Amino acid sequence: MIKLTHRVSKISPSMTLAMSARAAELKAAGEKVINFGVGEPDFNTPAHIIQAAKDAMDKGYTKYVAAAGLPALKKAVCEKLARDNNLEYKPNQIVISNGGKHAILNAVAAVVEEGGEVIIPSPYWLTYPEVVRFFGGVPVYVETTRESGFKMTAEQLEAAITPKTSMLIFNSPCNPTGAVYSEEEIKAIAAVCVKHNICVLSDEMYEKLVYDGQKHYSIAEVSPEMKELTILVNGVSKSYAMTGWRLGYLAAPENVAKAIGSCQSHATSNVNTITQYASVAALEGDQTPMQEMVAAFTARRAKMMEILDGYKAIGIDYVKPEGAFYLMLIVDKFYGKKHGEKLIHGSMDFAMELLAGEKVAATPGVCFGDDSCIRLSYALSMEEMIEGLERIKAFCLSLN
Ligand code: PLP
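What you are looking at is a predicted structure, and each value in this text was computed from that prediction instead of being measured.

Draft legend 1. Here's a closer look at the sheet that holds strand 2 (residues 94-97). Strands sit in the order 2-8-7-6-5-3-4 across an open sheet of seven strands; the sheet is mixed. Edge strands, defined here as strands with exactly one partner in the open sheet, are strand 2 and strand 4 (138-143). Here the strands of the sheet are splayed against their neighbours by 20° on average, with no regard to which way each runs.

Draft legend 2. The arrangement of the pairing of strand 10 (residues 326-330) in detail. Most of strand 10 is tucked away, with five of its five residues classed as buried. Here strand 10 shows two buried faces, one formed by Y326, M328 and I330 and the other by L327 and L329. In this structure, strand 9 (residues 317-319) lies alongside strand 10, joined through three bridges in antiparallel fashion. Residue pairing in the sheet places Y318 in a bridge with L329 of strand 10.

Draft legend 3. Structural view of the site of the ligand. With respect to spatial proximity, 14 residues lie near the ligand, and among them G100, D203, S237, K238 and R246 are the closest. Contacts to the ligand include G100, whose backbone N or O atom sits 2.7 Å from an oxygen atom. At a separation of 2.8 Å, an oxygen atom of the ligand approaches a polar side-chain atom of N175. With the chains in place, 92% of the 400 Å² that the ligand exposes on its own is no longer accessible. In terms of residues, the shell around the ligand owes the most to one element, helix 5 (residues 99-111), which gives four residues. Among the residues making up the shell around the ligand, the classes are represented as five nonpolar, five polar and four charged.

Draft legend 4. Fine view of the nonpolar core. Ranked by internal contacts, the top residues of the largest apolar core, which has 68 residues, are F36, L329, F350, L389 and I392. Sort the elements by how many residues they give to this core and helix 12 (residues 288-309) lands first, with eight residues. Counting contributing residues per domain, this core is built from domain 1 (6-44 + 289-398) and domain 2 (61-285), each supplying no fewer than three. The residues touching F36, leaving out its near neighbours within four places in the chain, are M304, V360, A361, A362, R375, L376, S377, L380, M385, G388, L389 and I392.

Draft legend 5. Just the pattern of salt bridges, in detail. Across all of its chains, the model carries 21 salt bridges by this definition. One continuous salt-bridge network, built from bridges that share partners, spans K80, R83, D84, E207 and K208.

Draft legend 6. Expanded view of helix 5. Compared with the 18 Å implied by 1.5 Å per residue over 13 residues, the 19 Å span of helix 5 between its first and last C-alpha is a close match. By the burial criterion, the buried members of helix 5 are G99, G100, H102, A103, I104, N106, A107 and V108.

Parameters at a glance
- Residues numbered from 1 in each chain as written.
- Predicted model: local features only at pLDDT ≥ 70, side-chain atom pairs only at ≥ 80, totals over all residues.
- Heavy atoms only, no water.
- Pairing = 2+ DSSP bridges.
- Helix = DSSP H or I, 4+ residues; strand = E, 2+ residues; numbered from the N terminus.
- Axes fitted to C-alpha atoms, helices over the stretch in contact; angles between N-to-C directions.
- Buried < 20%, exposed > 50% of the residue type's maximum accessible area, 1.4 Å probe, protein only.
- Near = heavy atom within 4 Å.
- Polar contact = N/O pair within 3.5 Å; in protein donor to acceptor, adjacent residues only side chain to side chain.
- Areas by Shrake-Rupley, 256 points an atom, 1.4 Å probe, with all protein chains shown as cover.
- Nonpolar A, V, L, I, M, F, W, Y, C, P; charged D, E, K, R; others polar.
- Core = buried A, V, L, I, M, F, W, Y, C linked by side-chain atoms within 4.5 Å.
- Domains from an automatic or database assignment.
- Contact = heavy atoms within 4.5 Å.
- Salt bridge = Lys/Arg side-chain N within 4 Å of Asp/Glu carboxyl O.
- Expected span 1.5 Å × (residues − 1).

The following block contains the structure:
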């Protein structure tokens, strides 16, 4: 038998897998499953981006390019960061990777030493702690509250810092909570990071998906000192409905980008060249399809909250999300009750029974470090969403 390394043995299998497998089985058996578990926009990639990929192939742009990214795309990323985020970066500070996930892995590999502590506000995106552990780091969770809208305060951050702290992973807009930090809140967090010289991995994947007049603000914008400590991660997956194309990027101080580029040159080489040409079109081309997608999410989010406001009387609550396409539904009032013979202990049981009883799939909050909730994604049609919420209500009413 092949003996596995300590490194890979520390990685947990995805807790959502059993759920998705069961949902797929039910669908295959002909059941109408409503899926609130989706982690990607339910829109197709805009036509002009697809056309740019076809053009690239027709022109023969099918060869290797520079490992850290196509020069034209790095330039487009620099222009995007200047235009949208008020940030000046040079192309040699940009690394193009296989999705935002790969950019995050690269950043942690570059900065976190064995035993280094990485502060992660909780609830968190489930990949962060796994990547940290993969490189021998230690995740340190900062528990946020519903009252704060699931946002970490500067005081909480300061209290979590130790001599071993090597990074803060900061995600705004946040998956799973939809929390969007304001400029003031970000400035307060940046002040602590600069004071203690803490590197920030700023995951801005959901930048374009903000609502109610909220404006995304990057922590790198706060000051030149903060920018020197920031590794900014973004990509085209969520903003341009391009999850399958696999393109993310990071912007960092030159020495960091150079080291990451060298690692990538041995690990994966360049991201698919055709995807890179398509991504130039995404960043530089017509932004109308993206704005239409945001408008659809805006309408669904409003409808979801309107319906859920009517459910408060039966014990279902939620924390208002300000970004991304997720909402954390608070369901712990139902723990200790039974669905038929099955006792519901926590979010995993709640989600499994909801699926079995009402054929509604949702992600248990325990996967994100908060067992009191289930995560609902509104990347599904308005009709399905409305029906799904009715089924959730019926499920809750059926518990005794
Ligand atoms: N960051 C967050 C918070 C995400 O939710 C995701 C994807 O779900 C990513 C990064 C990674 O995106 P990509 O598909 O580009 O790897």
